[in-house]
Structure formats: structure tokens, C-alpha cells
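Structural description and commentary
Letter by letter, the chains look like this.
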Amino acid sequence: MNIRLFIIKLLKKLRLVKIIKKILGFLRKVFSCKKQVLSKDGTASLPNSIIFEPTTKCNLNCQMCYQREERKMGKRDLSFDEIQKIINNFSNVKRVSLIGAEIFARSDIFQIIEEFIKRGIKLYLTTNGTLINEDNVKELKRLKKGIRGIGFSLDGLKELHNKIRGRDWAFDRTIEAINLVKKDFNVSINSVVMKDNIDELYDLVKYLRGLGIVNFGLAVEMFATPEEVALSKKILDFGDLSLALEIQKNAEYKFSLEKLKRTIDKIKTIKGINLVIHPGAFKDFPEEFYNGILRKKIVLKCENMFLGRINAQGDVIFCPFIKKPFGNLLEQSFEEIWNNEEFKLFRKKLVKNNLAPVCKRCCKLGANKKQ
């Protein structure tokens, strides 16, 4: 018997696999945090993790999509040769998350994945799953050594998910994809908690657990009011600041905090699941988060400060919601852009103002301590 398989089977028998994974995950976070430094002048340590959007194309029509407007603008995606050029200029990057729109909408996505892997970069793939089939899953399996995991988005059971995603075949195709890859890849399911689906999330997780899925992420719905958008633009003081957000007239959630807590607690009763709640600020300060008073009460932090993000045109942007470009990787290196004067000034303004009003419901929001 292969020694590696023997050790894994032994650990499983002793029920130590989950414990070891948690310890390794904790150690990775500890050591990565030591490298992440933000100086008073806005200089940030070079990230070793990058989020890359290879395309704005998508085959769904989701209610909450923040890239719909960009598709209307008809922006051109980077070519394969241009993506190669960008990858060749990475010097500190160890991990890349490929995220959409829908990454499998690119016909050359497997070539792109292979280019990253050739350079020793580990990948995490985020997809709606509807374009993964028996034919192309063979390509995924061929590249599996370089793929850390695959994340799928599901908002509810069949009828509701299809309604939210705007396609009557979306749910069935996503479930088919999950079944095709779950034996070979670390699979996680992510859902956004909304008024429309909060009553169905428990049943969704229970159904997926029945398929053998153990990793689930719940993100509290993100939105902003027109007043919050206007104030954010004023605080950050960039005339060309582009924000991609769901805009709601009222600042209140359409479900109660008590209902949200009950839903989470009920899901936690499902045996054998690993549940992660986003953002971390909600877990630490649920009342302040829910009531929208975090910036007044809590010293905040943002994961995007140390996550490089590249859009489908090669621009280095701050995050998927604050989309201001600070430079293009076809013209400058990542290192030059990451700590240019404009980017440093932007970070300084965020820190000085305890982030911006549009940040207070973000899934990447963390909390340090009470002020």
C-alpha cells in the first residue's frame, strides 16, 4: 500500500484529519499575517495572494450581479498572450483566486489555469458551475495538483435559485457540476443571505450535505444607500471613483437580526459541516454590524488591503466594489502599481476614516476592537 494513503487512512480512522487541517489553517494565517504590514504613509506589503477576474462574460442573469454594467460598456477582456505577460511579471504571488463573472465562459480558461500552475502558483476557482460538464471536467482533473479548491454559488433550492440567477436550468447544471468534481477536489458552497432565501438556507445546506459536501460559506447581503455612496466618494476624494454596488433606498436589512442568528444556529446543527460566516466583523460584533454602526463603534480592518485584485482588462483595482484602477499591468509591473503614490494615498484615506460608509456591510470586513 502507498505510504501516503496508509497515513491518510490511519488519520481518518483516528478522526484526526479535521483537527490537523484546522491547525495547519491556523498556522498559515498566523505566518501570513506577520508578513502583512501597512505603514503610516500607506505603503503595504506585497501580497502573496491575488484575485484575478479573467472575464466579464457570464451565461447567467443574476439579480445581484455587480458586473452587469461593465458588460453593457463592452469592455474587452485580456487576450491569452496578455494574461501570459501579466503572469510573467508576478514575483511574490503564491496563490491566485480566479473569479468572475463566470471564468468558464472563456474558451481558453484551461490554458490560463495551466499557465499559473506552470509557475508554481496554486489556484482557487470560483464558478456558477453551469459550464462544467463531463467533457471539460477531464481537463480540470488533469490540472488538479495545482487547484486548491472550487467554490460554487447557490442561493436556494431549485425554484428559488433559478429565479435569483435568471435561468430555469441554473440549479440542475450546478448540482451536476458539483457531483462531477466533488470526489477529486475540495468543494465549497457559498450563499448570500437575503430576504428571499433566508427561510430556505437550512434546507439547502441539508440537501447539499446529503450530497457529501461539508464546506459552506454564508455571506450577509451587501448593499449601500445613495447617501452612503455620496459620502464615500467625498471621503475618498477621487473624482473618477467607480463603485459597483447594489443600491437600496433604506439602510435596514429586510430580515431581523434574531432571524439571521436563528438561521445560522439551525444550520450549525447539521452534522458534519464546516460553516464559515462572512464577514468576520459580523461574527465578532453582530449587533453593531446589523445596525450599521460599526464605523462609529469599532476599529475596522479590510482584507482587501493585502489582497491584490486584477480586473479583466489588467487594471489593479482595490476591490470588486471600489473599482478605481491604480495602474494597468500591461504598462507597469505589479510592484510599481501596488505602492504608487495614488494607491498609498487611497489606503491612508481609508484608514484615517475607519474605511468608507460603503464598506460597512462588505464580506471582507474585519473588526479589531472597540474604539
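Residues numbered from 1 in each chain as written. Predicted model: local features only at pLDDT ≥ 70, side-chain atom pairs only at ≥ 80, totals over all residues. Heavy atoms only, no water.

Time to look at the packing of aromatic side chains. As enumerated under the stated definition, the model contains 14 aromatic pairs in all. Measuring from centroid to centroid gives 5.8 Å for F104 and F110, while their planes differ by 50°, and the two rings are tilted. According to the relative accessible area criterion, F110 is buried, its value standing at 13%. With a centroid separation of 5.8 Å and an interplanar angle of 80°, the aromatic rings of F282 and F289 are classed as edge-to-face. (Phe/Tyr/Trp six-rings, centres within 6.5 Å; stacked < 30°, edge-to-face > 60°. Buried < 20%, exposed > 50% of the residue type's maximum accessible area, 1.4 Å probe, protein only.)

Under the criterion given, the structure shown has zero disulfides. The thiol of C62 is not disulfide-bonded; the next cysteine sulfur, from C58, is found 5.6 Å away. No disulfide involves C319; its nearest neighbouring cysteine sulfur is the one of C362, lying 6.0 Å away. (Disulfide = S-S within 2.5 Å.)

What follows concerns helix α16 (residues 341-352). For α16, spanning twelve residues, the distance from its first C-alpha to its last is 16 Å, which sits close to the expected 16 Å at 1.5 Å a residue. Close packing links the buried residues of α16 with α10 (226-236), β10 (315-317), β11 (325-328) and α15 (334-338). Two residues or fewer after α16 comes N354, characterised by a positive phi angle close to 55°. (Helix = DSSP H or I, 4+ residues; strand = E, 2+ residues; numbered from the N terminus. Expected span 1.5 Å × (residues − 1). Contact = heavy atoms within 4.5 Å.)

Attention now moves to the pattern of salt bridges. Oppositely charged side chains can pair when the atoms bearing their charge come close. Taken as a whole and judged by the stated rule, the model has 21 salt bridges. The residue D184 makes a salt bridge to K141 at a minimum N-O spacing of 3.6 Å. Highlighted residues: D184 in the loop between α8 (170-181) and β5 (187-193) and K141 in helix α6 (residues 137-142), separated in sequence by 43 residues. On the basis of relative accessibility, which here comes to 35%, the residue K141 falls in the partly exposed class. Residues participating in the shared-partner salt-bridge network are D41, E341 and K344. (Salt bridge = Lys/Arg side-chain N within 4 Å of Asp/Glu carboxyl O.)

With that settled, the discussion passes to the side chain of E221. With respect to the secondary-structure elements, E221 resides in the loop between β6 (215-220) and α10. An unpaired buried charge is present at E221: no salt bridge exists, and K254, the closest side chain of opposite charge, is 6.3 Å distant. (Lys, Arg positive; Asp, Glu negative; His and termini not counted.)

Before going further, it helps to spend a moment on the sheet that holds strand β7 (residues 274-278). One open sheet accounts for ten strands, arranged β7-β6-β5-β4-β3-β2-β1-β9-β10-β11; its pairing is mixed. The two strands at the open ends of the sheet, each matched to only one other strand, are β7 and β11. With strand direction ignored, the average angle separating the axes of adjacent strands in the sheet is 25°. Taken together, the four bridges between strand β1 (residues 49-52) and strand β2 (residues 95-98) define a ladder with parallel strand orientation. (Pairing = 2+ DSSP bridges. Axes fitted to C-alpha atoms, helices over the stretch in contact; angles between N-to-C directions.)

On the secondary structure map, V205 appears in helix α9 (residues 201-210). When near neighbours in sequence (up to four residues on either side) are disregarded, V205 contacts F216, I267, I270 and I273.

The biggest cluster of nonpolar side chains holds 100 residues, and the ones touching the most others in it are L98, F116, L125, L140, L208, F318 and F346. Once you skip the residues sitting within four places of it in the chain, L140 turns out to touch F104, F110, L125, I132, I147, I150, V181 and F185. (Core = buried A, V, L, I, M, F, W, Y, C linked by side-chain atoms within 4.5 Å.)

Below, the discussion takes up the side chain of D155. Within the secondary structure, D155 is located in the loop between β4 (147-153) and α7 (158-165). Within the local environment of D155, its side chain forms a polar contact with the side chain of R165, the two groups lying 2.7 Å apart. Residues within four places of D155 in sequence aside, it is in contact with M64, L160, H161, I164, R165, V192, M194, N197, L201 and L204. (Polar contact = N/O pair within 3.5 Å; in protein donor to acceptor, adjacent residues only side chain to side chain.)

Moving on, we get to α10. Given 3.6 residues per turn, any residue in an α-helix points the same way as the ones three and four places further on. Of all the positions in α10, only E228, V229, S232, I235 and L236 are classed as buried. All buried residues of α10 lie within an arc of 130° about the axis, which places them on one face of the element. Away from its buried face, by an angle of more than 90 degrees, α10 presents the exposed residues E227 and K234. The inward-facing, buried residues of α10 contact α14 (294-297) and α16. Two residues or fewer past α10, D237 is found with a positive phi of approximately 55°. (Arc of directions from axis to C-beta.)

Attention now moves to the packing of helix α4 (residues 80-88) against helix α5 (residues 109-118). Packed helices, taken two at a time, are described by the angle between their axes plus the distance between the axes. As a packed pair, α4 and α5 sit with axes 10 Å apart at the nearest point and diverge in direction by 15°. Classified by the interaxial angle, the pair formed by α4 and α5 is roughly parallel. Between α4 and α5 lies a crossing whose hand is right-handed. Between α4, through F80, I83, Q84 and I87, and α5, the contact on the second element is made entirely by Q111, I112, E115 and F116. Grouping the constituent residues of the contact of α4 with α5 by class yields five nonpolar, two polar and one charged. (Parallel < 35°, antiparallel > 145°, perpendicular 65-115°, else oblique. Left-handed = near helix turned anticlockwise from the far one by under 90°. Nonpolar A, V, L, I, M, F, W, Y, C, P; charged D, E, K, R; others polar.)

None of this, on its own, says anything about what the molecule does.
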